[in-house]
Every structure is written in structure tokens, then in C-alpha cells.
Amino acid sequence: MPFELERLTASGVIHAERTILCSLGASAVMCLSAPFFLNTDQVTTGMLLGAGTLSAGLFGVSAQISESKEKVYKSLQEADLKSLKQHLQGEAVYDYVTTAIAAKRRVADYVNQLPMQERPRWIAEYQLQGLVTLPEPPAQQSPSPTGIPNPDIADIDEESVQSVINPGAMKILQALAANYPEYIRIDGAWIDELCDAASNQNMTLRSNHHFYLSGGTQSGKSTLAGVIINKIAAKSQTPAIVIGSDPKDDVTRWLCKFSRKFDGMKELKNWITFATGMIDQQKARVSIVGGECQGVPELFLAQDEVDSVFGGGKGLPGMVDADTAKDLQGFWNYIIKFIAGLKGHGVFMGQSPLSGETGFSRPSLKNVCFIAMGQTSSYILDHPQDFVNVKKEILETLRQACEMLDKAGVRYALVIPTRGNPFIALIPEFDIKGMEQKQDFKPNGSKFNDDADNQQKQPYSPQQDIDWYEEIRKWATELGRRPQFQEIKQKWYELTGQELNEKGVTLLLENLGYPEN
């Protein structure tokens, strides 16, 4: 063993020190006790006591040295045992490996006697690669010499082959839609369903108040956003208010008429201020008629390039500073959380679906009808934790549908409503000419801070031209008495087209000077 010599040396030293210790101990005892038993003079007694004290001191020092030597001895002994254990383990491994190699060689000798066609199975089962002989691969044929024609190869009808092995993405998609009608939509009615739910006049039945459209360039985000705005606005009880921010300086082709539009990065701060004011005006309208929002217009707040202007909280260098990006983030989340009950709709567009890139919190995303277009759908299905909550079987079905549509070059989207199941849907072809409305472009040199211009740019409302309160006051004066509940409700509807609930009629009567009895 490697530490045998050191251990033996330490052992001899320890034995010698033990002998010395015994001698010193005996000398100390004898010298210190002799004056009590022997009749010695004063000088002899002093010498004996001195010798005993010295022996006792040497005994103590030697005992400490001996203790440290014993520790060294024990450590050497443990090292020897550990070394012996490692040596034995190495021997065992060596024996195991050599035995295994020898066994493999014996098995290989046996397999080499078997027919050629049986040998690959044994090679794979017992890992005998390199030990068993296999037939040589056939030699590659050299090309025919010049002048000697090859046999003619029959032409292949590629279309007939594809019709057998690939019946087409649409046929497979129809089969999937038949098995999973809630998850695969191949009609265009899904857009109407989303918009009908968003514009339901019964506020408690509304869903899909807000929309986030995610997709790459030219994927159709702005087109689809315009379609959604038009379909919901068509059901507005009074002319809808559409406010938008397009950081790309008026280059997006929208399909909706804006009541006010802010173009360019520099207008983002003005956009936040103006849109916040429009929300306050909407609150004032709702406070008059109550929570059912009868006669209140639909309010749209559309923001394009969400992920670009937010930039993960840093904005866009040289164009959008970090403070503006943070203000936009707070504004967007405020829209999603608090304006749904005001007939308000946030319509957002961007290329990235990630909350870290867009600034939307995860709870906010749960309250948004998420529409991911094209390849963005595949990304979300690969990272479903923040968006899709379905069984694994359904997730795989959605992935399969996306893969087929990608290969077929069909425009599609993954739709995640705020209520209901996510589904893969084809994006229909829209009649853009019939749907598109001319935008309100600001004249050259116009100032958005001008009050007159602001008044001009605000959406048309009957109150801009006629004071209906004054009209109904004249009618009540001509009537010569306190109007009945149904009379004033009917008259208000005839003048404004707005349906008042009980609370609205009561407030109107109070404003006319007829307090409740």
C-alpha cells in the first residue's frame, strides 16, 4: 500500500514516545512522593521536588506530541484503506471489461457462423458492431460510356401521383373541421360572430370587447382591423367614434373612417391626451343614461405597431422615448380593464405576441380577443402557456391545421376569443371596394391643438347642431303640463333616436324642472 512506509515509521515513533511517557510519568510520581516517605534533608528534598516537577512538565509536552502523532497515524491508516478500496474497484472494473469484451468476441465468433441475413439482428441486439462480418455493399455502377444510350425512363404524371398521396390541404381540413367543428373554421362567419358578441346591446351578454391582431408585414392586420371596426360600428346606436394612432405616418391602408387620427411617432403623446379626453366624454354620456348605455355610441381606440412603439419598455431609439412607451403601456392596459362597460373597444395591432414586447400584462391579454395571423399562430401553439388552454389532443390538431395551411399558402388565423374555444379559421376575401370608406386627412398646415379644428374632427353628434334639451323643453312648455313617463320617453326617441331607460327619463324630467313626485 502507498502509505505503508509512512505508517510504519509513525507507528515506531508512537511506540517510543509511549515508552518515554511512561518513564517520565513514573519519574515524576517517584520524585514528588519520595520526600513524604524518606527522611531526607532540605537540599535533597528540593532536588527531588524539582526533578519531579520537570518530569511532570516533560510528560505533559510529550503527551501532546504523542496525540498529534496518533492523529497522523490514523489519517495514514484511513488513506491506506481508501487507496486499497480504489485499487480493488479498479481491478474489478478491469476484470468486468475484459470479461465483457471476451464474451462479446465469443458471441461474435458464433454470429459469424450464421447466415448473412440473420447477422444484422444479432449485431443490433448485442452491440457487435465491428466484430461481425457483413457482406460488402454492391459496387457503384459507373456511368455509361459516351455514345451508349441509357434505357428510356417512363414519364411520371406528377398531378396523378399527388392526387393519390396528397389529396390537398383543403380536403384534409374539411375532415378535421367535421371532427372538430369548434376548433377548425373554414367559413367566414366567425368574424361576424366575434363582432356580434362585441356589439350586443345587452351589456351583460357582451364579449370580445377588445382585439389584438398579431402578424407579420402584409399579413392583413390592418385590413382585418378595419373590417372588425366597420362591423361593430354598423350596429352603433349613434354614429360611432373611431380614434386611431398610426405611427407609420399615414401609410397604412385602413378600411374605416376615423373621427380623429394621429399619424407619426411624434403624435403619440397627443394621441394619449386626446383619447383620454374621449373616454371621459364617454363616461359622461353613460352617467346620464345608466349602465345599460342606451343611445351611447361605440367608441374605438385603435393603436397600430404596438410592439414597435413600446419596444419592451424602451420605446424606439430616436423616435419614441422610454417615458412615452411607459405611458402608452399604462394607457393600453387602462383601456382593456376599464372601458368595456362604456361601449369602448381597444383595437391593437403588432408583429410580436409576447407581453414583454407589447407591454400588455397577462391578465389584460386574457380580456382581449387575440387573433394571430399566419406564422404567428404557429409560434403561439409552440408556446401556449400564455394564450391557449386546451387538451394536448386539440393542441396537436391546431398545429396540424396550421402546418397544412402554411404549405398550401392559405391565409389563416388562430383566434382566441374572450369567451369560447380557440380555433383555426380561414381569413375570407373581403370586398374592400365596397367596404372601404374615405379617410379624413388633415389639411396641410393644420394644427391639432386648435379648438376649432378639434371640434371639426370630433365625430358627428346631434348635440353639435341641435340642443335637444331645449327642443324638448319647448315641447313640454307647449304641452302645458307635466309630461307623462311614456310621453317624454317617446318624444326623446322621436327627436334623438335614443332609447331612454327609467333612470334616464327621471333625470330628463328633473332637468326640465319636473322633480319626481
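Rules and cut-offs
- The residue count restarts for each chain, going from 1 along the sequence in the order it is written.
- Whole-chain, interface and lining totals are the exception, using all residues; otherwise, since this is a predicted model, local features are given only for residues with pLDDT of at least 70 and side-chain atom pairs are given and counted only at 80 or more.
- Hydrogens and waters are ignored; side-chain quantities use all the structure's heavy atoms.
- Each helix is a run of DSSP H or I of at least 4 residues and each strand a run of E of at least 2, with the numbering of both proceeding from the N terminus.
- The buried label applies to any residue whose accessible area, calculated with a 1.4 Å probe on protein chains only, is under 20% of its type's maximum; exposed applies above 50%, and partly exposed to all values in between.
- Contacts were defined at the residue level, with two residues in contact if any of their heavy atoms lie within 4.5 Å.
- The Shrake-Rupley method, run with a 1.4 Å probe, gives the accessible areas here. Residue values count only the displayed protein chains as cover.
- pLDDT is a per-residue confidence score from the predictor, ranging from 0 to 100.
- Angles here are taken between N-to-C directions and fall from 0 to 180 degrees, while the axes themselves are lines fitted to C-alpha atoms, restricted in helices to the stretch in contact.
- Reported orientations rely on four angle classes, namely roughly parallel under 35 degrees, roughly antiparallel over 145, roughly perpendicular from 65 to 115, and oblique for the rest.
- Crossings are sorted by hand: turned counterclockwise from the far helix by less than a right angle, the near helix makes the crossing left-handed, and turned clockwise it makes it right-handed.
- When residues are sorted by character, Ala, Val, Leu, Ile, Met, Phe, Trp, Tyr, Cys and Pro go into the nonpolar class, Asp, Glu, Lys and Arg into the charged class, and all the rest, Gly among them, into the polar class.
- Under the convention used throughout, the expected extent of a helix is 1.5 Å for every residue step, that is, one less than its residue count.
- Each salt bridge in this description consists of a side-chain nitrogen of Lys or Arg and a carboxyl oxygen of Asp or Glu lying within 4 Å of one another.

A.B. asks: Would you mind showing me how to read the overall build of the protein here?
C.D. replies: Secondary structure assignment for the protein yields 20 helices and nine strands. Here the protein, with 517 residues, has 39% of them falling under the buried criterion. Here the analysis covers contacts within the protein between residues at least 6 apart in sequence; of these, 67% occur between residues at least 24 apart. Entry remark: accessible area of the protein is about 30,000 Å², with carbon and sulfur atoms responsible for 55%.

A.B. asks: How should I be thinking about the confidence of the model for the protein in this particular structure?
C.D. replies: Caution is warranted with low-pLDDT regions, since their predicted coordinates should not be read in detail. For the protein, the mean per-residue pLDDT works out to 78, and 76% of the residues sit at or above 70. Taking the mean pLDDT of every element in the protein, the minimum, 37, falls on helix 16 (residues 451-457) and the maximum, 96, on strand 5 (residues 299-303). Confidence drops under a pLDDT of 50 for residues 144-154, and excluding neighbours within four residues, the segment shows one contact in the predicted structure. Scored below 50 in pLDDT, residues 437-465 makes 41 contacts in the model with residues more than four places away or belonging to other chains.

A.B. asks: Just to check I follow, could you spell out the packing of helix 8 (residues 268-289) against helix 10 (residues 322-338) for this structure?
C.D. replies: Helix-helix packing is described using two parameters, namely the angle between the two axes and the distance between the axes. The interhelical angle for the contact between helix 8 and helix 10, taken along N-to-C directions, is 25 degrees, at an axis separation of 10 Å. Taken as axis vectors, helix 8 and helix 10 run roughly parallel relative to one another. Note that helix 8 runs across helix 10; the crossing there is left-handed. Taken together, the residues of helix 10 that come into contact with helix 8 (itself represented by L268, K269, W271, I272, A275, T276, I279 and K283) are T324, D327, L328, F331, Y334 and I335. Taken together, the residues that form the contact of helix 8 with helix 10 break down as nine nonpolar, two polar and three charged.

A.B. asks: Quick question: what am I supposed to make of helix 7 (residues 221-233) here?
C.D. replies: Counting along an α-helix, one turn takes 3.6 residues, and residues three or four places apart therefore face a common direction. The first and last C-alpha atoms of helix 7 sit 18 Å apart over 13 residues, in line with the 18 Å expected at 1.5 Å per residue. For helix 7, every residue scored as buried is listed here: K221, S222, L224, A225, G226, V227, I228, I229, N230 and I232.

A.B. asks: Quick question: what am I supposed to make of the pattern of salt bridges here?
C.D. replies: Where side chains of opposite charge bring their charged atoms close, a pairing between them can arise. Scanning all chains against the criterion turns up 13 salt bridges. Between K231 and D192 there is a salt bridge whose closest N-O contact spans 2.8 Å. Of this pair, K231 sits in helix 7 while D192 sits in helix 6 (residues 189-198), placing them 39 residues apart in sequence. A relative accessible area of 35% places D192 in the partly exposed class. Here D304 ties to K248 by a salt bridge, and the two come within 2.7 Å at their closest N and O atoms.

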